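# Reading the structure
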Amino acid sequence: MADHEQIQAVLRRAVSAINNRRQALNKDEAIALSKAQSAIGTRITDLDRSIASLDQSERSEIADSLKKLQDWYVRSHLLGHTIAYSSVPGIGPSLKSKLRQHGFYSAADIAPNTVQDIPGIGPQKAYALTLWRLHIEREAQAGKPTSLSQDDLGKIKSKYLARRQSLQSQKDSEQARLSTEIAAIKQRHMTERQSLDAEQTQAQAIAKQGEQGVAVKYAQEYARIAQQMAQLTKQLV
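Here's what I pulled together on the structure shown here. Please read all numbers here as calculations on a predicted model, not as lab measurements.

## Digging into the overall build of the protein chain
- The helix and strand tally for the protein chain stands at five helices and zero strands.
- When the helices and strands of the protein chain are listed from N to C terminus, the series reads α-α-α-α-α.
- Looking at the protein chain as a whole, 25% of its 237 residues are labelled buried.
- Look at the contacts in the protein chain between residues 6 or more apart in sequence, and 80% of them connect residues 24 or more apart.

## A look at helix α2 (residues 93–101)
- Taken together, the buried positions of α2 are occupied by Leu95, Lys96 and Leu99. The buried residues of α2 occupy an angular sector of 105° when projected down its axis, which confines them to one face. Opposite the packed face of α2, turned more than 90 degrees from it, sit the exposed residues Pro93, Ser94 and Gln101.
- At the exit of α2 stands Gly103, carrying a positive phi of roughly 90°.

## Remarks on the pattern of salt bridges
- Scanning the entire structure with this criterion turns up 13 salt bridges.
- A salt bridge links Glu58 to Lys157; its shortest N-O distance comes to 3.0 Å. Taken together, the positions of Glu58 in helix α1 (residues 2–80) and Lys157 in helix α5 (residues 150–236) put the pair 99 residues apart, joining distant regions of the chain.
- Glu58 sits in the buried class, given a relative accessible area of 6%.
- Among the salt bridges present, the one from Arg133 reaches Glu137, with a minimum N-O distance of 3.5 Å. A residue pair is termed a helical-turn pair when its members lie 3 or 4 positions apart in one helix, as Arg133 and Glu137 do in helix α4 (residues 123–143) at four residues.
- Relative accessible area serves as the criterion here: at 18%, Arg133 is assigned to the buried category.
- A relative accessible area of 22% means that Glu137 is categorised as partly exposed.
- One network of salt bridges, in which partners are shared, links Asp55, Glu58, Lys157 and Arg164.

## Points about α4
- The first and last C-alpha atoms of α4 sit 30 Å apart over 21 residues, in line with the 30 Å expected at 1.5 Å per residue.
- Within the span of α4, buried status applies to Ala126, Ala128, Leu129, Thr130, Trp132, Arg133, Ile136 and Ala140.

## Concerning the nonpolar core
- By size, the foremost hydrophobic cluster in this structure holds 20 residues, and its most contacted members are Leu99, Val115, Ile121, Leu129 and Trp132.
- At the level of secondary structure, the elements contributing two or more residues to this core comprise α1, α2 and α4.
- With six residues, the single largest contributor to this core is α4.
- Every residue in contact with Val115, bar those within four places of it in the chain, is listed here: Leu99, Phe104, Ile110, Ile121, Ala126 and Leu129.

## A few points about the side chain of Lys171
- Tracing the backbone through its elements, the reader meets Lys171 in helix α5.
- Lys171 sits in the buried class, given a relative accessible area of 16%.
- Beyond its immediate chain neighbours, meaning those up to four positions away, Lys171 contacts Ile44, Leu47, Asp48 and Ile51.

So, how was this worked out
- Residues numbered from 1 in each chain as written.
- Predicted model: local features only at pLDDT ≥ 70, side-chain atom pairs only at ≥ 80, totals over all residues.
- Heavy atoms only, no water.
- Helix = DSSP H or I, 4+ residues; strand = E, 2+ residues; numbered from the N terminus.
- Buried < 20%, exposed > 50% of the residue type's maximum accessible area, 1.4 Å probe, protein only.
- Contact = heavy atoms within 4.5 Å.
- Arc of directions from axis to C-beta.
- Salt bridge = Lys/Arg side-chain N within 4 Å of Asp/Glu carboxyl O.
- Expected span 1.5 Å × (residues − 1).
- Core = buried A, V, L, I, M, F, W, Y, C linked by side-chain atoms within 4.5 Å.

As structure tokens, this is what we get:
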């Protein structure tokens, strides 16, 4: 029936137009979400990098401070062992005096490539002095601190704590802003989708009413024709 086909054609055009608007709406939402995540997400990523860099700086400062403490401990131990009051095989008072005259006062001053140039200190005595120094150095290495004191460690950590808290607070704020922005974008597009759904439902309802009107129209027409046929039949009889 022509009326029925016309109603269906109008409905198809209406639904097609609504679907096109749905696709455009989906694209618009994707672009809006991408922009929000790009702008605010970039800021969050930068803050993450800053926090990671701060953590690395803190670890480096702790490690450097510990290294300085250990180096100081070892050197102090070497300086504390003076040649004059130590027993070194082959090194008597006379050689100790010569060593002192040439600037060698403690184990910290002993080096194989310099000490053997002193008159009376040949390779053998230089080797004895080197072994003596190495023995003392091994003692120092074994006894050196393996960590900073709680006071020194606390000073370093407190220096970074305020900066880390500030960065974390900024990150939390940006994450909350991103969540709010995403929720607003989704809510706005959901409202528009609901409006499109309502339009489609309305178009379908109108089409249904049209179909029902066509059915009534043709039912009445069929009843009129049937009545005329009945009357004609009576006349023929």
